[in-house]
Amino acid sequence: MRPVLAVGSDGCLAAHTAEAIQAAVARTLEGRRSDTLLRRAAAALAGVCVDVLRDRRGAVYGSRVVLLVGTGHNGADALLAGALLRRRGVTVDAVLVGDKAYQPGVDTVRAAGGSLVDATTIAGRERALQALAVADLMVDGIIGDQGVGGLRGVAADLVAAMPDGPAVVAVDLPSGVDPDSGEIHGAHVRADVTVTFGTFKGCLMIAPACYAAGRIEFVDVGFADQLDAEPLALRLTPGGIAELWPVPAETDHKYSRGVLGVVAGSDTYPGAAVLACLGAVRAGVGIVRYVGPRRVADHVLSATPEIVPGPARVQAWLLGSGVEDDADQERAIDTALASGLPCVVDAGALEVCARRRAAGDRPAPSTRILLTPHAGEAARIFAALGHDVARTAIEDRPLHHVTWLAREVDATVLLKGSTTLVANPEGPVFSQNDGPVWLATAGSGDVLAGIAGALMAAGLDAVHAGAMAASVHGLAAAKASAGGPASAAVTTTAIAPTVADLLRLRPGARRGRVSRSRWPGSR
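Residues numbered from 1 in each chain as written. Predicted model: local features only at pLDDT ≥ 70, side-chain atom pairs only at ≥ 80, totals over all residues. Heavy atoms only, no water.

## With respect to the overall build of the protein
Put simply, the test is: In this description a helix means any DSSP run of H or I spanning at least four residues, a strand means any run of E spanning at least two, and both kinds are numbered starting from the N terminus. Each radius of gyration reported is based on C-alpha atoms, and the globular scaling rule is 2.2 Å times the count of residues to the power 0.38. Accessible area is worked out with a 1.4 Å probe on protein chains only. A residue is then buried under 20% of its type maximum, exposed over 50%, and partly exposed in between. Contact definition: two residues touch when any of their heavy atoms are within 4.5 Å. Only the protein chains shown count as covering a residue, and every accessible area follows the Shrake-Rupley method with a 1.4 Å probe. In summary, the charge assignment counts Lys and Arg as positive and Asp and Glu as negative, without counting His or the chain termini. For this purpose, a charge sits on NZ of Lys, CZ of Arg, CG of Asp or CD of Glu.
Within the protein, the regular secondary structure consists of 18 helices and 19 strands. Relative to the compact-globule value of 24 Å for 523 residues, the protein shows a C-alpha radius of gyration of 25 Å, a close match. Dimensions of the protein, computed from C-alpha atoms along their principal axes, come out at roughly 80 × 55 × 45 Å. Taking all 523 residues of the protein together, 56% fall into the buried category. Partitioning the contacts of the protein with sequence separation of at least 6, the portion at a separation of at least 24 is 72%. Summed over all atoms, the accessible surface of the protein reaches about 21,000 Å², with 50% contributed by carbon and sulfur. Distance between charge centroids for the protein: 6 Å, based on 49 positive and 53 negative side chains.

See the structure below:
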């Protein structure tokens with residue numbers, strides 16, 4: 001699949017696998033001192049720790065920092081950073097949780113006046129627990145991107161004993177999470193801040209591990225240009241979304257801006273149709289044609305009088321939001337899925353679409369079909385395809401399941417959640433995490449589907465339409481909520497202002513508009 005933004009550009013953040021990172025580091029260090037990257041990383045880590053101490057205590061001098069030091073590079077970073085902190089008047093206790101540690105770092109801490117605690121002994125473990133109890137800041141340097149599975153032994157015991165009050169700064173990633181998949185299997189660190197080097201690790205973009213990382217501080221230590229493997233995950237930034245957002249040219253009209261057909265709503269869920277149509281209209285679609293019961297159409301027209309009821313030619317479809325036991329709508333959904341046109345497939349249309357595509361009925365390519373399930377709906381899709389997959393399993397392993405489902409049905413799948421993943425059978429997943437916790441509310445998915453439908457009607461492919469819709473939906477909810485609750489209906493009022501804010505980031509935004517013929521992925 002052709003990328004629309006250069007990986008590593010201001011518009012697109014990339015996460016790589018541990019294997020790719022290790023290979024890039026090895027190429028970078030050819031002919032150089034082996035500690036070149038370590039010392040750069042340590043200096044940046046120490047700087048973040050200084051900032052955190054100032055925020056928490058108002059001062060650095062006199063603070064107490066405990067380093068949890070493993071046997072790898074993360075432990076080395078922690079030791080070298082600890083020596084730098086010691087020179088700022090910080091009391092530093094370096095707790096060694098393994099049978100060895102980076103010896104130059106050990107020597108540097110000792111020379112700077114820090115204490116070294118061997119937690120593998122009974123006496124050392126008691127000293128470590130005492131140090132943790134009075135710490136102002138704890139630095140997690142236990143396991144890095146070579147770790148697999150949860151923490152065990154001494155490391156698990158010390159992590160369990162970490163008090164709640166002091167801040168936790170993780171080196172590269174929270175120890176105990178899977179670096180690539182973001183899965184968690186056992187004891188792990190929960191950080192307030194994670195300082196990551198060179199590139200993002202998959203676990204920092206993928207749930208549930210990303211929720212253990214806290215705020216991410218990215219530091220370029222000089223090996224990014226040696227990353228030659230395809231990214232594991234991508235994340236659009238506000239600038240990237242601005243660059244891709246469809247802006248009409250002076251010669252555009254309502255038909256060229258995109259016509260979206262919407263099959264949505266029912267007697268039980270008329271609001272789903274209203275919210276889906278509002279999402280599409282306020283995201284800038286040219287025309288919405290609503291196909292559904294007259295009584296639901298009345299609700300839709302009351303909320304959005306610009307909607308055109310009844311079937312007609314469209315450029316894309318939004319199918320299934322709130323649809324329930326309606327033979328006419330089911331026929332309309334079948335017709336739309338057979339048309340070969342781009343389709344956003346939600347709620348009541350998910351299982352029929354998945355079954356058809358899994359059986360080989362694929363009139364449209366995977367980049368023109370976007371399924372938008374939450375974890376519970378994804379479990380029902382798997383069941384319809386003959387797989388027994390629990391909702392909790394999907395929540396525990398979202399990357400695994402979203403990519404599996406995308407391959408199974410040969411379509412793009414947007415797995416909704418606090419961190420939303422968008423996967424196509426080919427290429428990296430997109431991960432967007434832009435919304436407040438208040439976004440988890442009835443009707444939010446209908447609004448999201450409407451935004452995605454508007455983008456696909458305008459010509460974007462399913463992958464980028466899904467990622468952009470997820471981000472704008474989250475940003476709009478944050479704007480609407482202002483830190484408090486926000487309903488789905490209120491979120492729709494913030495879509496247009498959110499897009500306006502994003503477009504101000506677009507290069508040349510004040511010098512005129514850009515024709516849609518220049519949009520990457522346009523038809």
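## Examining the sheet that holds strand β2 (residues 64-69)
The cut-off we apply is this: Two strands qualify as a pair provided DSSP detects at least 2 bridges between them. For helices, the fitted axis covers only the stretch in contact; all axes are lines through C-alpha atoms, and the angles between them, taken along N-to-C directions, range from 0 to 180 degrees.
The seven strands are arranged β4-β3-β2-β5-β6-β7-β9 in an open sheet whose pairing can be described as parallel. Each having just a single partner strand, β4 (115-118) and β9 (215-219) make up the two edges of the open sheet. Taken over all neighbouring pairs, the strand axes of this sheet differ in orientation by 20 degrees on average, direction set aside. One ladder, built from four bridges, connects strand β5 (residues 137-141) with strand β6 (residues 167-171); its direction is parallel. Considered in β6, the bridge of D140 is made with A170.

## Considerations on the pattern of salt bridges
To keep things clear, this is the line we draw: The term salt bridge refers to a pairing of a side-chain nitrogen on Lys or Arg with a carboxyl oxygen on Asp or Glu at a separation within 4 Å.
Using the criterion set out here, one finds 22 salt bridges in the structure. In this structure, D361 and R356 form a salt bridge, with 3.0 Å as the shortest nitrogen-oxygen distance. Residue R504 is joined to D501 by a salt bridge in which the shortest nitrogen-to-oxygen separation is 2.5 Å. Taking the relative accessible area as the measure of exposure, R504 reaches 60% and is therefore exposed.

## Some details on the packing of helix α15 (residues 444-457) against helix α16 (residues 462-481)
Threshold: Between 65 and 115 degrees an angle is taken as roughly perpendicular, under 35 as roughly parallel, over 145 as roughly antiparallel, and anywhere else as oblique. Should the near helix be turned counterclockwise from the far one by less than a right angle, the crossing is left-handed, whereas a clockwise turn marks it as right-handed. Under the scheme applied, nonpolar residues are Ala, Val, Leu, Ile, Met, Phe, Trp, Tyr, Cys and Pro; charged residues are Asp, Glu, Lys and Arg; polar residues are all the others, including Gly.
Between α15 and α16, the least distance of the axes is 8 Å, while the angle of their chain directions is 135 degrees. One way to sum up the angle between α15 and α16 is to call them oblique. In the crossing of α15 with α16, the sense of the turn from one axis to the other is right-handed. Judged by residue contacts, S444, V447, L448, I451, A452, L455 and M456 of α15 engage A462, A465, M468, A469, A470 and H473 from α16. Of the residues contributing to the contact of α15 with α16, the split by class is 11 nonpolar, two polar and no charged.

## Section: the sheet that holds strand β15 (residues 343-345)
The strand order across the open sheet built from 12 strands is β8-β1-β10-β19-β18-β17-β16-β15-β14-β11-β12-β13, with neighbouring strands paired in mixed fashion. With one partner strand each, in any of the chains shown, β8 (200-201) and β13 (308-309) form the two edges of the open sheet. The pairing of strand β16 (residues 369-371) with strand β17 (residues 412-415) spans two bridges and is classified as parallel. Following the sheet pairing, L371 is matched in β17 by V413.

## What to know about the nonpolar core
Proteins that are soluble and globular tend to have nonpolar side chains buried together. Selection rule: Side-chain atoms within 4.5 Å are what join buried Ala, Val, Leu, Ile, Met, Phe, Trp, Tyr and Cys residues into a set we call a nonpolar core.
One finds W245 and Y290 to be the most contacted residues of the largest nonpolar core, which totals 57 residues. Within the second largest apolar cluster, 51 residues are counted, among which are L173, C343, A379 and A423.

## Observations regarding helix α11 (residues 350-358)
Heads up, the condition is: What the arc measures is the spread of directions leading from the helix axis to the C-beta atoms.
Turning to α11, its buried residues are L350, C353, A354, R356 and R357. The buried residues of α11 occupy one face: seen down the axis, they fall within an arc of 165 degrees. Tucked inside the fold, the buried residues of α11 contact α10 (327-338), β15, β16, α12 (375-384) and α14 (398-409). One or two steps after α11, the chain reaches G360, where phi turns positive at roughly 100 degrees.

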